[in-house]
Structures are given as C-alpha cells and as structure tokens.
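Analysis of the macromolecular model
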Amino acid sequence: MILRRAVPADVPAIAALYRASQWANLPTLPDIHTREEDLAFFGGQMLPNQTVWVIEDGQGGLAAYAAGVEGRLNHLFVHPDAQGRGHGSRLLERFRADVAVLDLWTFQQNLRARAFYERKGFVAVEFTDGEGNEEKTPDVRYEWRPR
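First, a word on what this report is: a plain description of the structure on this page. (Residues numbered from 1 in each chain as written. Predicted model: local features only at pLDDT ≥ 70, side-chain atom pairs only at ≥ 80, totals over all residues. Heavy atoms only, no water.)

A few points about the pattern of salt bridges
Heads up, the condition is: Any carboxyl oxygen of Asp or Glu within 4 Å of a side-chain nitrogen of Lys or Arg constitutes a salt bridge here. For helices the rule is a DSSP run of H or I covering at least 4 residues; for strands it is a run of E covering at least 2, with both sets numbered from the N terminus onward. Each residue is placed in one exposure class: buried if its accessible area under a 1.4 Å probe, protein chains only, is under 20% of its type's maximum, exposed if it is over 50%, and partly exposed if it falls in between.
According to the stated counting rule, one finds 11 salt bridges in the structure shown. Between Arg 72 and Asp 103 there is a salt bridge, with the nearest N and O atoms lying 2.7 Å from each other. Taken as a pair, Arg 72 in strand β4 (residues 72-78) and Asp 103 in strand β5 (residues 102-107) lie far apart in primary sequence, 31 residues in all. Its relative accessible area of 29% is what places Arg 72 among the partly exposed residues. Salt-bridge contacts for Arg 141 lead to Asp 103; the nearest nitrogen and oxygen are separated by 3.4 Å.

Structure below.
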C-alpha cells in the first residue's frame, strides 16, 4: 500500500470512496448531495484548500483518504472492502504527526468511527443536536492531545 498526497486525478475516486464508505456505514444518513456536487466539492473546495492524503489499494484504486487543515481532521474514510487493514490508523497517524492538537466531528450514530477514535486517544468534548450540520443529524466533536 502506498500513502501519498492526493492529486486532481484522484477526485473521482475520492468521491466514489466517500459515497461507498458513507452509505455502507451510515445507511440512514440523509443523501443531500448529488454525485456531481460531490465531485465539485472534492475537486473545487477540498483538494485545493486542505491537506489530502490517500492510500492506494495496490490495484490502481484508492483504499482510503483523509483531509484536514490546521489541527482539524475533516474527513477520514476507508472503502468498506478495505476496512480493518490499518488504513484509518495510518492516515490518522499522518495527520497527528504535524499537530499539537487534533479535533474532528463525527455523527453520534457512527458507533464504529466513535470507537475507533476513542481507541486512538480522542476524547468527546462536545455533543450537538445536529442543527449546525447539513444533514441535521446529531454529532460529536472529538479532541486529541499528545500525552
């Protein structure tokens, strides 16, 4: 597996991986954006304005990606077929290597993600009713600080 910075040619694969992971792990989450809107966001907003790392699956595709900026991890998604292989841990460690504090949001119902972050030393510091996110779904903010 290869960990590398994302390039513009990765945008379609990142968008597809995002959808596959999101809907496999949270099938009841509202689908509020079209595939075209996903492509526009990933290519026009995320890639130019955030640090984006990808892990190649060894067969020309992507197994996982993560994106963030200035101590905030905004995305960490692993393709459902590649979960449980350490890709999420590898990406998380890459982001933690460059910061003193790292925070992130996830949905309260995403128990798998919450358990993962808690095993990695993140602490829940804020719970909301979801009114502040696009999906209007309750979420939780986690924070990590080195010991």
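Thoughts on the nonpolar core
Rule in force here: Only buried residues count toward a nonpolar core, which is a set of Ala, Val, Leu, Ile, Met, Phe, Trp, Tyr and Cys residues joined through side-chain atoms within 4.5 Å. By definition, residues are in contact when any of their heavy atoms lie within 4.5 Å.
Formed by 21 residues in total, the largest nonpolar core has its most connected members in Leu 73, Leu 76, Leu 91, Leu 92, Leu 102, Tyr 117 and Phe 122. Secondary structure elements with two or more residues in this core: β2 (51-56), β3 (62-69), β4, α3 (87-96), β5, α4 (111-119) and β7 (139-144). Ignoring anything within four residues of it in the chain, the contact list for Leu 102 reads Gly 71, Arg 72, Leu 73, Leu 92, Phe 95, Arg 96, Phe 122, Tyr 142, Glu 143 and Trp 144. Membership of the second largest hydrophobic core comes to 15 residues, among which are Ala 15, Tyr 18, Leu 62 and Ala 67.

Some thoughts on the pairing of β4
Under the convention used in this document: Strands are labelled as partners when DSSP assigns at least two bridges between them. When the strands point away from the viewer, a crossover counts as right-handed if the route from the first strand across the helix to the second turns clockwise.
Of all the 7 residues making up β4, 5 are buried; the element is thus mostly covered by neighbouring parts of the structure. In this structure, the hairpin formed by β3 and β4 is closed by a connection of 2 residues, where Glu 70 is found at a positive phi of approximately 45 degrees. With 2 bridges connecting them, β4 and β5 associate as parallel partners. Considered in β5, the bridge of Leu 73 is made with Leu 104. For the handedness criterion, the β-α-β arrangement of β4, α3 and β5 is classed as right-handed.

Notes on the environment of Pro 30
Tracing the chain through its elements places Pro 30 in the loop between α1 (11-25) and α2 (35-49). With 106 residues separating them along the chain, Pro 30 and Lys 136 place their C-alpha atoms 8.7 Å apart. Pro 30 has contacts with Trp 23, Glu 135 and Thr 137, leaving out every residue within four places of it along the chain.

With respect to α1
Definition in use: Take the number of residues in a helix, subtract one, and multiply by 1.5 Å to get its expected span.
Between its first and last C-alpha atoms α1 spans 21 Å; for 15 residues at 1.5 Å apiece the expected length is 21 Å, and the two agree. Every buried residue of α1 is listed here: Val 11, Ile 14, Ala 15, Leu 17, Tyr 18, Arg 19, Ser 21 and Gln 22. Residues of α1 that are buried make contact with α2, β2, β3, β4 and β5.

What about unusual backbone geometry?
Positive phi, close to 45 degrees, is recorded for Glu 70, a residue that is not glycine. Within the secondary structure layout, Glu 70 lies in the loop between β3 and β4. Not every positive phi belongs to a glycine, and Lys 136 is a case in point at roughly 55 degrees. Along the chain, the position of Lys 136 falls in the loop between β6 (123-127) and β7. With relative accessibility at 48%, the residue Lys 136 sits in the partly exposed group.

Here we look at the sheet that holds β3
For the record, the criterion: Here, axes are lines fitted to C-alpha atoms. For helices the fit covers the stretch in contact, and angles between N-to-C directions go from 0 to 180 degrees.
Here we have 7 strands laid out as an open sheet, ordered β1-β2-β3-β4-β5-β7-β6, and mixed in their pairing. Looking at which strands have only one partner, the edges of the open sheet turn out to be β1 (2-5) and β6. Neighbour-to-neighbour, the strand axes of the sheet open up by a mean angle of 25 degrees, direction not taken into account. One ladder, built from 4 bridges, connects β6 with β7; its direction is antiparallel. Paired with Val 123 across the strands is Glu 143, a residue of β7. Together, β4, β5, β6 and β7 form the strand contacts of α4, whose direction differs from that of β5 by roughly 160 degrees.

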